[in-house]
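# Structural overview
The lines below spell out each chain.
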Amino acid sequence: QSVFELIYALTLVSPYKMTCSIALLFISGFLEGVSLLALLPIINIAIKSEAGVSEDPLTQGLMELFEVWNLPLSLPVLLCLIAGLILCKSLLIFTANRIVNFIAVEFTASKRMELVRVLIVARWDYFVNQTSGRISSALSMEADKLASIYGFIAQLYSNIFQTVAYIIIGIF
């Protein structure tokens with residue numbers, strides 16, 4: 001099997017949950033990008049001229065947004081905004097990781113049950129020729145390795161979509 005076939009097969013284990021976790025990771029990447037972009041007006045506020053006129057379009061847009069919400073564009077408010085966005089990002093990543101870990105546990109259990117079913121219907125002469133450690137290792141280690149591969153694939157999707165989110169934010 002190729003790597004892409006393995007990725008596709010593992011994605012089909014629980015496509016709804018995998019889609020939810022990928023969506024959460026994409027939104028968290030977007031929030032991280034927005035919180036990083038919010039640092040630019042803080043730098044601008046810290047070094048702005050005495051006239052108070054800012055030529056930065058990002059800062060102008062943020063000032064208009066804060067005027068709509070009737071909030072002052074000040075350092076404490078911006079820092080609270082950034083902290084809130086980072087907190088939301090962390091909660092989304094935590095939730096997505098819980099979903100991925102739950103899927104990995106389900107996947108591991110199903111593979112172990114599949115292996116036990118295969119061993120039950122195996123011929124006895126097969127068992128005679130095998131060491132007990134080999135069968136025990138297959139039951140414990142191989143299923144765990146598959147689960148860790150599933151977690152790595154979810155992390156791969158996460159990194160891809162966070163990169164896409166950064167590119168989208170960088171373009172605009």
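In this report, we go over the structure that sits alongside the text. Because the structure is predicted, anything quoted here is derived from the model rather than measured. (Residues numbered from 1 in each chain as written. Predicted model: local features only at pLDDT ≥ 70, side-chain atom pairs only at ≥ 80, totals over all residues. Heavy atoms only, no water.)

Helix 5 (residues 75–120) packs onto helix 2 (residues 15–37) with a crossing angle of 160° between their chain directions and a minimal axis gap of 8 Å. Judged on the interaxial angle alone, helix 5 and helix 2 are roughly antiparallel. Our pair here, helix 2 against helix 5, has a crossing hand that is left-handed. Looking at side-chain class alone, the contact of helix 2 with helix 5 contains 17 nonpolar, four polar and four charged residues. (Axes fitted to C-alpha atoms, helices over the stretch in contact; angles between N-to-C directions. Helix = DSSP H or I, 4+ residues; strand = E, 2+ residues; numbered from the N terminus. Parallel < 35°, antiparallel > 145°, perpendicular 65-115°, else oblique. Left-handed = near helix turned anticlockwise from the far one by under 90°. Nonpolar A, V, L, I, M, F, W, Y, C, P; charged D, E, K, R; others polar.)

Next up on the list: the pattern of salt bridges. A full pass over the atoms with the stated rule returns one salt bridge. The residue K17 makes a salt bridge to E106 at a minimum N-O spacing of 3.4 Å. Residue K17 is located in helix 2, and its partner E106 is located in helix 5; the two are separated by 89 residues in the primary sequence. Residue K17 is classed as partly exposed on the basis of its relative accessible area, which comes to 26%. (Salt bridge = Lys/Arg side-chain N within 4 Å of Asp/Glu carboxyl O. Buried < 20%, exposed > 50% of the residue type's maximum accessible area, 1.4 Å probe, protein only.)

With that settled, the discussion passes to the nonpolar core. Counting residues in hydrophobic clusters, the biggest one holds twelve residues: L10, M18, I22, V100, I103, A104, F107, A147, Y150, I153, A154 and Y157. Counting only elements with at least two residues in this core, the list comes to helix 2, helix 5 and helix 7 (132–171). Broken down by element, this core gets its largest block of residues, five residues, from helix 7. (Core = buried A, V, L, I, M, F, W, Y, C linked by side-chain atoms within 4.5 Å.)

Once that is clear, we can look at helix 5. Helix length check: helix 5 (46 residues) gives 67 Å between terminal C-alpha atoms against 68 Å at 1.5 Å per residue, within 8%. By the burial criterion, the buried members of helix 5 are L78, I82, L85, K89, L92, A96, V100, I103, A104, F107, T108 and L119. (Expected span 1.5 Å × (residues − 1).)

As a further point, take unusual backbone geometry. With a phi close to 55°, N70 is a non-glycine residue in the positive phi region. With respect to the helices and strands, N70 occurs in the loop between helix 4 (57–68) and helix 5.

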